[in-house]
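Listed below, chain by chain, are the residues.
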Amino acid sequence: MSPNPYTAPVRTLIRGAMVIERPEAGSARRADVVIEGRRYEAVVAGGGVGGAFDRVIDGEGCLLIPGLVNAHTHLAMTLFRGLSPDLPLKRWLEEEIWPREEKLTSKDVYWGSLLGLAEMIRSGTTAFLDMYFFMDEVARAVEEVGLRALLGYGIIAPTPERIAPEIEAAERFARGWDGKAEGRIRVALAPHAPTTCHPAAWQWVTELARELHVPLHTHLAETESEVEEIRAKTKKSPVEWLEELEVFSVPVVAAHCVHLSEKDIEILAAHGASAVHCPTSNLKLASGIAPVQEMLDGGVNVALGTDGAASAGDLNMIEEMRLAALLAKVRAHNPHALPAPEALRCATARGAVALGLGKELGTIEPGRRADGVLLSREGPQFCPGYDPLGDLVYAGQGSDVKAVFVEGRLLFAEGEHLTLDLDEVQGRCCRMSRRFR
Ligand SMILES: [Zn+2]
């Protein structure tokens, strides 16, 4: 698939939308937004911008928000969606997923990634963090389709003899792809979890992350059984144990963080680590409810993610945002916990911070990279429309997304993908899925 010339970054006017410029401000205002090439140039309150534009997008009746950031997923697991639901994490992974992953080919991962990219784009995601295998194929799909990504080759090295081959594969990928696709692809190193990586693997991968100036992405404190297993071996919590191994001496993006002590939260905050709350996956696998408000109060950057479609069902960040806001209130017995503006911030600006792009993304302001999502507000769920931001979080649907752009380049408009052939992708994935039944 070659890039569609009609989607090139050009001088663009988005006219007359309600714009959420900074999620934490908590409000939207009617404005015209000008994009020059890859960046936002101006936000003009009230509208009325004139002049010559290569492209004018009608934003009447729409909400314009910064692009959603899915800070934890395994894209190609779309191919395993719907297999063996309703199992606990350990059994589900060991009995259902890992044997099927043994059968995966690079071609499967390429097409499964395209399926995941399509699903993410049409529900408003513009950037994501992925950990999987055959990552060259994931990167190739990202390069073609036009999203932004931080990609890490999953390292599973529980025994000393597995360490070198796993880390060398991850290093090869990282050196090969960092900064590719005009800078849209950045890389991470991705040791899978405290229970699946040997201490020597953690030390090696941390050293390598320091050398390559890249972050670590891992699963952390996801289940009670993980905490018990690490405590039995080390007398420490998983977070304390990784701190002892000096893992937090490099930037860490830790998925889940469900089972944390107060001390764990202090450690994450002290080292500037990001936690990625994945509410749907945690609910579906009955892992628990992460202490999101406690982490935010303690100074931890909390992003949101879907996890893979096999454990979450879908890759819809609007749903994650709503669940995050609702679960935080139940956990705290307090309706003020994770208010809607903060939930949107976790799904946008805080996700950007997790990706190391906090100064480039996450708001609609002059000079920022032009990643954004236009959503229709015309459905009955947005009527009467007192609070556009609150309506988005508590009533919005992925299907409300009307247009998606990354670095000023239009990827999706009026129900059509402009950089991939969805019929072909779905057809291929359905045919491939027969091998995994
Ligand atoms: Zn995961």
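What you are looking at is a predicted structure, and each value in this text was computed from that prediction instead of being measured. Think of each chain on its own: its residues are numbered from 1, step by step along the sequence as written. Selection of residues for local features in this predicted model requires a pLDDT of at least 70, selection of side-chain atom pairs for listing and counting requires 80 or more, and totals for whole chains, interfaces and linings are taken over all residues.

Trainee: An account of the overall build of the protein is needed here, citing residue identities and associated values.
Mentor: If you tally the helices and strands in the protein, you get 16 helices and 17 strands. A globule of 437 residues ought to have a C-alpha radius of gyration of about 22 Å, and the protein, at 21 Å, matches this closely. Projected onto its principal axes, the C-alpha positions of the protein cover 65 × 50 × 40 Å. Expressed as a percentage of contacts within the protein between residues at least 6 apart in sequence, the contacts between residues at least 24 apart total 75%. Secondary structure follows DSSP: runs of H or I at least 4 residues long count as helices, runs of E at least 2 residues long count as strands, and numbering of each begins at the N terminus. Radius of gyration: over C-alpha atoms. The globule rule applied is 2.2 Å multiplied by the number of residues raised to the 0.38 power. We call two residues in contact whenever the C-beta atoms placed from their backbones are within 7 Å.

Trainee: Go over the packing of helix H12 (residues 317-332) against helix H13 (residues 340-347), please, and point to the residues and values.
Mentor: To define axes, lines are fitted to C-alpha atoms, for helices over the stretch in contact only, and angles between the resulting N-to-C directions are given on a 0 to 180 degree scale. With their axes 9 Å apart at the nearest point, H12 and H13 run at an angle of 135° to one another. In terms of orientation, H12 and H13 fall into the oblique class. Regarding H12 and H13, the two cross each other, and that crossing is right-handed. On the side of H12, the interface is formed by Met317, Glu320, Met321, Ala324 and Ala325, while H13 contributes Ala340, Ala343, Leu344, Cys346 and Ala347. Among the residues forming the contact of H12 with H13, the class breakdown is 9 nonpolar, no polar and 1 charged. Here the angle decides the label: under 35 degrees means roughly parallel, over 145 means roughly antiparallel, 65 to 115 means roughly perpendicular, and every other value means oblique. Two helices cross in a left-handed way if the nearer one is turned anticlockwise from the farther one by less than a right angle. They cross in a right-handed way if the turn is clockwise. Residues are grouped as follows: nonpolar covers Ala, Val, Leu, Ile, Met, Phe, Trp, Tyr, Cys and Pro; charged covers Asp, Glu, Lys and Arg; every other residue, Gly included, is treated as polar.

Trainee: Tell me about the domain arrangement of the protein, and name the residues and values.
Mentor: Domain delimitation in this document rests on an assignment produced automatically or drawn from a domain database. According to the domain assignment, the protein consists of domain 1 (5-66 + 360-417) and domain 2 (68-354). Here the C-alpha centre of domain 2 lies 28 Å away from the C-alpha centre of domain 1. For the side of domain 1 that touches domain 2, the elements supplying multiple residues, two or more each, are strand S5 (62-66), strand S14 (372-376), helix H15 (388-395), strand S15 (401-406) and strand S16 (409-413). When residues in the side of domain 1 that touches domain 2 are grouped by element, the largest group, 5 residues, is from H15. Broken down by class, the residue content of the side of domain 1 that touches domain 2 amounts to 15 nonpolar, 8 polar and 3 charged.

Trainee: Break down helix H6 (residues 224-234) for me, with residues and values.
Mentor: Whether a residue is buried, exposed or partly exposed is read from the other C-beta atoms within 10 Å of its own C-beta, which are placed from the backbone; 20 or more gives buried, 12 or fewer gives exposed, and intermediate counts give partly exposed. All buried positions along H6 are accounted for by Glu226, Val227 and Ile230. End-on view of H6: buried residues confined to an arc of 95°, all on one side of the axis. Residues of H6 that are exposed and angled more than 90 degrees away from the buried face: Glu224, Glu228 and Ala232. As for H6, its buried residues are in contact with helix H7 (238-244). Within two residues after H6, Lys235 carries a phi angle of roughly 65°, on the positive side. Directions pointing from the helix axis toward each C-beta atom define the arc.

Trainee: Explain the packing of H13 against H15 to me, using residue names and the numbers behind them.
Mentor: At a minimum axis distance of 9 Å, the contact between H13 and H15 shows a crossing angle of 70°. Between H13 and H15, the angle falls in the class roughly perpendicular. Our pair here, H13 against H15, has a crossing hand that is left-handed. When H13 is examined against H15, the residues Ala340, Pro341, Ala343 and Leu344 are found in contact with a partner set consisting of Leu389, Gly390, Leu392, Val393 and Tyr394.

Trainee: Give a description of helix H2 (residues 106-122) that names residues and reports values.
Mentor: Look at H2: 25 Å from first C-alpha to last across 17 residues, which is about the 24 Å you get at 1.5 Å a residue. Taking burial as the measure, the 17 residues of H2 include 14 buried ones, the bulk of the element. Expected span, for any helix, means 1.5 Å times one less than how many residues it has.

Trainee: Describe the environment of Arg368, with residues and values.
Mentor: When you line up the elements, Arg368 lands in the loop between helix H14 (349-354) and S14. What makes Arg368 partly exposed here is the crowd of 19 C-beta atoms within 10 Å. Counting along the chain gives 10 residues from Arg368 to Gly358, while the straight-line C-alpha distance between them is 9.9 Å.

Trainee: Can you lay out the pairing of S5 for me, pointing to particular residues and giving the numbers?
Mentor: In the case of a regular strand, side chains alternate between the two sheet surfaces. Counted residue by residue, S5 has 5 buried out of 5 residues, so it is predominantly covered. Any two strands with at least two DSSP-identified bridges between them are counted as paired. As judged from the 2 bridges shared by strand S1 (residues 12-19) and S5, these two strands associate in the parallel manner. Across the sheet, Val19 pairs through a bridge with Leu64, a residue of S5. With 5 bridges joining them, S5 and S14 adopt antiparallel strand pairing. Following the sheet pairing, Cys62 is matched in S14 by Ser376.

Trainee: So what's going on with the pairing of strand S12 (residues 274-277)? Which residues, and what values?
Mentor: Both faces of S12 are covered, namely the face carrying Ser274 and Val276 and the face carrying Ala275 and His277. When the strands point away from the viewer and the connection leading from the first strand across the helix to the second strand turns clockwise, the crossover is called right-handed. For the handedness criterion, the β-α-β arrangement of strand S11 (residues 252-256), helix H8 (residues 262-270) and S12 is classed as right-handed. Relative to strand S13 (residues 301-304), S12 is paired through 4 bridges, and the arrangement is parallel. Within S13, the residue paired with Ser274 across the bridge is Asn301.

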